[in-house]
Amino acid sequence: MGAWALLLPLLTAMAQAQVCSVSNAIFEVQENTNLSGPLTDIDVPAGQQVTLGPSSTPYAFRIQGTQLFLNVTPDYEENTMLEAHLECRSGNTVVTQLRVFVFVLDINDNPPKFPFEVKVENIPEDTKVNTTVIPETELEAQDLDKDDVLFYTLQEVTPGARDFFSLVGTNLPALRLDRTLDFYTWQSMTFRLLVRDTQEENVQPSHTAMATLVLEVQPADLRPPWFLPCTYSDPYVCINAEYRGAVPTGHKLPASLILRPGPIHAVDGDQGINQRILYSIMMGQEDGTFAIDTDSGNLTMTRSVPSPKTFSLLVKGEQADHARYSVTWVTIEARNATGSPPHFPESRYHGTVARGSGAGVEVKDATAPAQPLRIWAQDPDFPDLNSAITYRVTNNTNFRMDGETVLTAALLADVGVFYAEVEANNTVTAGTATTVVEIQVLEREEPTPTGPPQIGGGSTSGDGEPGVSQAEDRRFSVVDMAALGGVLGALLLLALIALLILVHKHYGQQLKCCSGKDLERKPLSFDNQAFVAPQEANWAPAPHSSPGPTRAAAPEPPEPPEPAPPEPPSTAAPRPASESPEVARDGDGPAAVRSILTKERRPEGGYKAVWFGEDIGAEADVVVLNSPASDTAHAADSGSEASSDEDADADPHDDAPGAGSTYV
């Protein structure tokens, strides 16, 4: 027994020396790592060979000598574990089998991917707020890296779209409605949906992906039919139009009745749905006098009305799906007709239509391009309208009448101007009237603020002469008229300034006088506006020495009164031209004086006149006499001395005050 105990370790060592072995059978390698050296060494007993067994991961390993190598670059997304099956053989006998495992470690090496590039989603207009319109499963991206957490961001492409939609969470890409939708304001909204596999942008490695999200707002059936034209409307409500018409008594009109403000016509209030409208009369015609076409809404007569009467019809417009309807009133007045012929209020009408329009296109009113051109004749018996009047184009095959509306009857391929005669025929009285329609075919373009351009041919006034069309007269916008007013105002201001300059230049002195300012005192001279021509003046001595009644002189600063001898006339205040003459007195000397008008002309205007008393040595007074503008031409210098000589011998009674002379 003791001998066997000594031999056991020896036998065990001998047995181990007969099998293959490796130092480590389990390895961990990060994906995308390229190992150039051996993975492990294999201990192979003498006389044995080691090979890869059939259960090894295909193409993943190779054995060179007694070393095991990794033959591929590991990829976690392809294989999370690689296995090498080693067989040691002695001849054909497998002596030992070993297994080596390589676990591949995942790293962030793959970007996230959306299941779509562009996703279009229809959202009903009446979707409730806080509703999840697109679930997470339809928007979330996929990332092959198992440990990655994805972060989502919604970016608006359509300005203002982010007010309507948002993501439920940063890591939960479900789309939620935050605000009530309006099909007429927002019919389509576009977003960019971004995803990143790191929370921070500047982390490495970090990968992102992007997809486009288009949300199409689908109209919901929220509004009833609208009878046009609305007396008031916005995108949500319309106050329906009410229609009126007139028919002659005793006659059944064969055509549809002509109504105001237009034919009975309703549209679906939800324009995006645009359901067909069906018409019917609900009440107001118990005798069945009128009938309405279910599809067109045209109102016709089924019998004549024997006497004047007013019908009030309640007309219903209902959607073809019977979901919603509206009603309006149609008032028809039956009146007596006396047979007066109709007449057109305008001798020429003006319309426009786009080039390239085919048959059946409405001609627009040139004065109101958004409205169709309507042509209607007046009847004295029917001041407003007459359904008995029919209309037709008599001389132009490119156009036709549909009631009062002008329609195209052929393709209009070229730009130009067309003229058509429209005839109005009263089917009851057989009276007719005609008018002319000028239709301009224009290029297709957005309307300008000044209205449609005039291509050629002016309008015609009532007498048929060419002139400026009504469209031209009324096609200017408020902005244009404001600009014109500003220019005219500036020109008026410049004209007023120029006028003031001219007035100041030519009449400055008179204006200063009239303004109440004191005239500048000039030494030894005064202005006398009553100066007359020498041949008309009478310079005889004054009949008496007392002064006559005078007007108040120009105000002068008050001076304290003090006794003083009589001052010469040069120190007296100037008197107006209309003031009564005043006789200069020299103490106790004679009252009469005589004047000599010299030929000297003063530069500041007027003449110098000198008066002498009976005593040749008496003190002389000098005054400047200014002639009025109208008399200046008569006061010639050549006659001054002659006049003074003749005055010396003249009759004294001719020189009385007020006889045309002025005395100081």
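In the annotation of an unreviewed UniProt entry, the protein chain is listed under the name Cadherin-related family member 5 and assigned to Ursus americanus. Reading the Subunit (unreviewed entry) entry of the UniProt record for the protein chain gives the comment "Part of the IMAC/intermicrovillar adhesion complex/intermicrovillar tip-link complex composed of ANKS4B, MYO7B, USH1C, CDHR2 and CDHR5. Interacts (via cytoplasmic domain) with USH1C and MYO7B; required for proper localization of CDHR5 to microvilli tips and its function in brush border differentiation."

A short note on the overall build of the protein chain
When helices and strands are tallied, the protein chain shows five helices and 38 strands. Across the 664 residues that make up the protein chain, the buried fraction comes to 36%. For the protein chain, the share of sequence-separated contacts (at least 6 apart) that also reach a separation of at least 24 residues comes to 64%. Total accessible area on the protein chain stands at roughly 37,200 Å², and carbon and sulfur atoms take up 54% of it.

A few points about the sheet that holds strand β26 (residues 348-354)
Pairing is mixed across the open sheet formed by six strands, whose spatial order is β28-β27-β26-β33-β32-β29. The outermost strands of the open sheet, each flanked by one partner alone, are β28 (368-372) and β29 (389-393). Inspection of the sheet shows β26 paired to strand β27 (residues 364-365) by two bridges, in the antiparallel sense. Bridge pairing in β27 links Thr352 to Lys364.

So, the pairing of strand β30 (residues 399-402)
Here β30 shows a buried face lined by Phe399 and Met401 and an unburied face lined by Arg400 and Asp402. Once β30 ends, the chain turns through two residues before running back antiparallel as strand β31 (residues 405-408), passing Gly403 with a positive phi of about 70°.

So, the sheet that holds strand β3 (residues 40-43)
Spatial ordering of the open sheet is given by β1-β3-β6-β5, a layout of four strands whose pairing is antiparallel. Single-partner strands in this sheet number two, and they are β1 (21-22) and β5 (61-64). Sheet analysis places β1 next to β3, joined by two bridges and oriented antiparallel. Paired with Val22 across the two strands is Ile42, which belongs to β3.

Topic: the state of the cysteines
Applying the stated criterion across every chain yields a total of two disulfides. A disulfide bridge connects Cys20 with Cys88, and the sulfur atoms are separated by 1.5 Å. Its torsion about the S-S bond being -125°, the disulfide of Cys20 and Cys88 is classed as left-handed. With Cys20 in the loop between α1 (2-16) and β1 and Cys88 in strand β7 (residues 81-90), the pair connects residues that are 68 residues apart, well separated along the chain. Looking at Cys20, the relative accessible area reads 4%, which means it is buried. For Cys88, a relative accessible area of 1% translates into the label buried. In this model, Cys230 is linked to Cys238 through a disulfide, with the two sulfur atoms separated by 1.9 Å. As the torsion about the S-S bond is roughly -110°, the Cys230-Cys238 disulfide counts as left-handed. Its relative accessible area of 11% is what places Cys238 among the buried residues. When the bonded cysteines of the protein chain are counted from the start of the sequence, the pairing works out to 1-2, 3-4.

Considering the pattern of salt bridges
Under the defined criterion, the tally for this structure stands at 18 salt bridges. Close ionic contact of Glu201 with Arg196 constitutes a salt bridge, the shortest N to O distance being 4.0 Å. Given a relative accessible area of 17%, Arg196 falls into the buried group. Glu404 is the salt-bridge partner of Arg260, the closest N and O atoms lying 2.8 Å from each other.

The rules behind the values
Residues numbered from 1 in each chain as written. Predicted model: local features only at pLDDT ≥ 70, side-chain atom pairs only at ≥ 80, totals over all residues. Heavy atoms only, no water. UniProt positions renumbered as here; feature names shortened; annotations may be inferred. Helix = DSSP H or I, 4+ residues; strand = E, 2+ residues; numbered from the N terminus. Buried < 20%, exposed > 50% of the residue type's maximum accessible area, 1.4 Å probe, protein only. Contact = heavy atoms within 4.5 Å. Areas by Shrake-Rupley, 256 points an atom, 1.4 Å probe, with all protein chains shown as cover. Pairing = 2+ DSSP bridges. Disulfide = S-S within 2.5 Å. Salt bridge = Lys/Arg side-chain N within 4 Å of Asp/Glu carboxyl O.

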